[in-house]
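So you can see what is in the structure, the chains are spelled out below.
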Amino acid sequence: MTPGLRFIAQRALSGEFLDWDVPLALSANPTRALSGPGALTGTIEPEYARLVGDDGEPLLQEWGTKLYLEVDRHLRWGGILTKASYDGAKMSVEFEGLTSYAHGLPFEEHLASGEMITPPDPYEGRDKNHDGYIDFTNPKRRMPEPPKGYPGPRIDAYDAFRSIWSHIQSKPGGDIGLRLDTHRLGRLLGAEDGSDPWELSWWNSPDCGQALDQLARDLPFDWIETHAWADGHQKVEHRLRLGTPRLGARRTDLRCADGENISAIAKPEGLGDEYADEVVVLGTGEGRAMARAQVYSYPTPRRRLRRVATVTDKTLSSPAALRLRGEQELAGRTQALQIPAVQIVDHPNMPFGSWQLGDDIRVQVHLPWVGDVDVWHRIVGDELSADGLCTLTLKRSESFHY
């Protein structure tokens, strides 16, 4: 194993450390992902007596063991064992980030934002003969109109996100120790007039993981799970960072460049079906009353066929907000080229550990058929290998709207 690198195993619930140097051979490099759990796979061979408990059960148990990758006393990856298989003396293991735990768990409560509330009608059932008058009144009194409905309270998107995680971790055996940022996004769920409420109800059998992913994708916002030592390396703190409006920063102090720190470049790619030079944004309301904006970017002379993307965001109502959303979407759909990944070495231009997921970095490369390319890309994933290389998964910065 590389000096300064080790794998550490811990009980998922009790926090007891089981082994400080798990003899794990990686099958695939550990990966992290922006707004995703990341993964790590490996094997252990032969059988190690110290990895079997006094009860004969392996210390590495599915959904019962956390694993950390420590590099030079800093935790670079953390997750939970989700699958183990055995082939003679060889044990194969698959770990996923802690946030993967939410998937497959049902939401067993009712959470709503902006739902229409209809007050109870005190005269309901008091016109049994349907003559339009209140029964047994003298002189006859007409039935009043039933109370009108009104939109209920709306909740911030981050509060909804936290509520789902609180529900997950409040169940017996469900506390994985994940603590979430406490600030708000500033976006209320559901339409202001109650016409399109946001709702998560147990009777619809929603999946917690899918609900969390949809919230982050639709609004959108970023999240990253992090793991760090605390209490003098006696405890690990798990944090779920929430980005308002995004995580990461434009890093003018870092760059990836040919001939300096880049050792390999993934095949460049265009936008394909994602390309559009026109965007239609649909907001609050229904039918002809729906809020709508249309933005476009036509170069002169025009060289491409018209392509239109449609975006629906029921939180938007004003023309300015709709147009801004359209302009943000359009910025990411009119750029032609991106570098999906680069492999880098540890270098002063970009020392390992100097970036975080979500950062924008400058990528300077020379490409056949294209020439010199100098484009800002956002780091959406990374993969650290034991041979001193790191692969960064990238997306062109303009493809994100904040």
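All residue numbers refer to positions counted from 1 along the written sequence of the respective chain. Where totals are concerned, whole chains, interfaces and linings use all residues; where local detail is concerned, this predicted model gives features only for residues with pLDDT of at least 70, and gives and counts side-chain atom pairs only at 80 or more. With hydrogens and water excluded, all non-hydrogen atoms of the structure serve as input to the side-chain values.

Notes on the overall build of the protein chain
Put simply, the rule reads: Think of it this way: any DSSP run of H or I at least four residues long counts as a helix, any run of E at least two long counts as a strand, and we number them from the N terminus. Two things to know: the radius of gyration comes from C-alpha atoms, and the globule rule equals 2.2 Å times the number of residues to the power 0.38. Any residue under 20% of the maximum accessible area for its type is buried, any over 50% is exposed, and the rest in between are partly exposed; the area is computed with a 1.4 Å probe on protein chains only. Here a residue-residue contact requires only that any non-hydrogen atoms of the pair lie within 4.5 Å. The method behind every accessible area is Shrake-Rupley, applied with a 1.4 Å probe, and residues are considered shielded solely by the protein chains displayed. Note on charges: Lys and Arg go in the positive column, Asp and Glu in the negative column, and His and the chain ends are not counted at all. By convention, the charge on Lys lies at NZ, on Arg at CZ, on Asp at CG and on Glu at CD.
Within the protein chain, the secondary structure is distributed over three helices and 23 strands. Taking 21 Å as the expected radius of gyration for a compact globule of 402 residues, we find that the protein chain reaches 27 Å, considerably beyond that expectation. When its C-alpha atoms are laid out on the principal axes, the protein chain stretches across 95 × 75 × 40 Å. Per-residue burial for the protein chain yields a buried fraction of 44% across its 402 residues. Excluding contacts between residues fewer than 6 apart, the proportion of contacts in the protein chain whose partners are at least 24 apart in sequence is 66%. For the protein chain, the accessible area works out to roughly 21400 Å², and carbon and sulfur atoms hold 50% of it. Charge centroids of the protein chain, computed over 45 positive and 59 negative side chains, lie 7 Å from each other.

Quick word on the packing of aromatic side chains
Which entries qualify depends on this criterion: Whether two aromatic rings pair depends on their centres lying within 6.5 Å, for rings of Phe, Tyr and Trp, where Trp uses its six-membered ring; planes under 30 degrees apart make the pair stacked, over 60 edge-to-face, and the rest tilted. Both a distance and an angle decide whether a charge sits over a ring: NZ of Lys or CZ of Arg must be within 6 Å of the ring centre and within 35 degrees of the ring normal.
Considering all chains together, one arrives at nine aromatic pairs under this definition. Between Trp-20 and Trp-229, the aromatic rings sit 6.1 Å apart at their centres with planes inclined by 20°, giving stacked as the arrangement. With Trp-20 in the loop between strand 2 (17-19) and strand 3 (25-33) and Trp-229 in strand 13 (residues 222-230), this pair connects stretches of sequence that are 209 residues apart. Classification of Trp-20 by relative accessible area gives partly exposed; the value is 35%. A residue is classified by how much of its surface remains accessible, and Trp-229, at 15% relative accessible area, is buried. An aromatic cluster is defined as three or more aromatic residues linked by ring pairs; in this entry it consists of Phe-17, Trp-20 and Trp-229. One Lys or Arg, Arg-250, reaches over the ring of Trp-376 and ends 3.9 Å from the middle of that ring.

As for the sheet that holds strand 13
Here is the rule: For two strands to be treated as a pair, DSSP must find no fewer than two bridges joining them. Angles run from 0 to 180 degrees between N-to-C directions of axes, and those axes are lines fitted to C-alpha atoms, restricted for helices to the stretch in contact.
Strand order in the open sheet formed by three strands is 11-14-13, with mixed pairing between adjacent strands. The sheet is open, and its two edges are formed by strand 11 (178-180) and strand 13, each paired on a single side. Direction aside, neighbouring strands of the sheet carry axes that sit 30° apart on average.

Topic: the nonpolar core
To keep things clear, this is the line we draw: Put simply, a nonpolar core is a bunch of buried Ala, Val, Leu, Ile, Met, Phe, Trp, Tyr and Cys residues held in one set by side-chain atoms that sit within 4.5 Å of each other.
Counting 31 residues, the largest nonpolar core has Phe-161, Ile-164, Trp-165, Ile-168, Leu-215 and Phe-221 as the members making the most contacts within it. For this core, the elements supplying multiple residues, two or more each, are helix 1 (157-170), strand 11, strand 12 (198-201), helix 2 (208-218) and strand 14 (235-243). Here this core gets seven residues from one element, more than from any other, and that element is helix 1. Residue contacts for Trp-165: discarding those within four places in its chain leaves Leu-98, Thr-99, Ala-102, Ile-176, Leu-178, Leu-180, Leu-212 and Leu-240. If you look at the next biggest cluster of nonpolar residues, it comprises 23 residues, including Ile-339, Leu-357, Val-363 and Leu-392.

So, the pattern of salt bridges
Keep this limit in mind: Here a salt bridge means any side-chain nitrogen of Lys or Arg lying within 4 Å of a carboxyl oxygen belonging to Asp or Glu.
According to the stated counting rule, one finds 18 salt bridges in the structure shown. One salt bridge in this structure joins Glu-70 and Arg-6, with 2.6 Å as the shortest N-O distance. Of the two residues, Glu-70 sits in strand 5 (residues 65-71) while Arg-6 sits in strand 1 (residues 5-11), which places them 64 residues apart along the sequence. Among the salt bridges present, the one from Asp-360 reaches Arg-246, with a minimum N-O distance of 2.6 Å. Note that Asp-360 is positioned in strand 21 (residues 360-367) and Arg-246 in the loop between strand 14 and strand 15 (250-257), a separation of 114 residues in sequence. Residue class for Arg-246 comes out buried when judged on its relative accessible area of 15%. Counted as one network, the salt bridges with shared partners bring together Asp-159, Arg-162 and Arg-184.

Looking at the sheet that holds strand 19 (residues 308-312)
An order of 18-17-19 is seen for the three strands of this open sheet, with the pairing classed as mixed. Single-partner strands in this sheet number two, and they are strand 18 (292-296) and strand 19. Each adjacent strand pair in this sheet contributes to an overall mean axis angle of 15°, direction not counted. Relative to strand 18, strand 17 (residues 278-282) runs antiparallel, the two sharing five bridges. Looking at strand 18, one finds that Glu-278 is bridged to Tyr-296.

A few points about the environment of Leu-394
With respect to the helices and strands, Leu-394 occurs in strand 23 (residues 389-396). Here the alpha-carbon distance between Leu-394 and Arg-50, two residues 344 residues apart in the chain, equals 41 Å.

Comments concerning the packing of helix 1 against helix 2
This is how the line gets drawn: Between 65 and 115 degrees an angle is taken as roughly perpendicular, under 35 as roughly parallel, over 145 as roughly antiparallel, and anywhere else as oblique. Handedness of a crossing follows from how the near helix is turned relative to the far one, being left-handed for an anticlockwise turn of less than a right angle and right-handed for a clockwise one. All amino acids are sorted into three groups, where Ala, Val, Leu, Ile, Met, Phe, Trp, Tyr, Cys and Pro are nonpolar, Asp, Glu, Lys and Arg are charged, and the leftover types, Gly among them, are polar.
Closest axis-to-axis distance for the helix 1/helix 2 pair is 10 Å, and the angle between their directions is 165°. Between helix 1 and helix 2, the angle is such that the two are roughly antiparallel. Regarding helix 1 and helix 2, the two cross each other, and that crossing is left-handed. Facing Ala-157, Ala-160, Phe-161, Ile-164, Trp-165, His-167 and Ile-168 of helix 1, the residues of helix 2 in contact are Cys-208, Ala-211, Leu-212 and Leu-215. By residue class, the composition of the contact of helix 1 with helix 2 is ten nonpolar, one polar and no charged.

As for the side chain of Asp-359
This is how it is decided: Polar contact is defined as a pair of N or O atoms within 3.5 Å, subject to the rule that within protein one atom must be able to donate a hydrogen and the other to accept it, and that residues adjacent in sequence are counted only when both atoms are side-chain atoms.
Structurally, the position occupied by Asp-359 is in the loop between strand 20 (341-345) and strand 21. On the basis of relative accessibility, which here comes to 2%, the residue Asp-359 falls in the buried class. Within the local environment of Asp-359, its side chain forms a polar contact with the backbone nitrogen of Ala-249, the two atoms lying 2.8 Å apart. Of the polar contacts made by the side chain of Asp-359, one reaches the side chain of Arg-251; its length is 2.8 Å.

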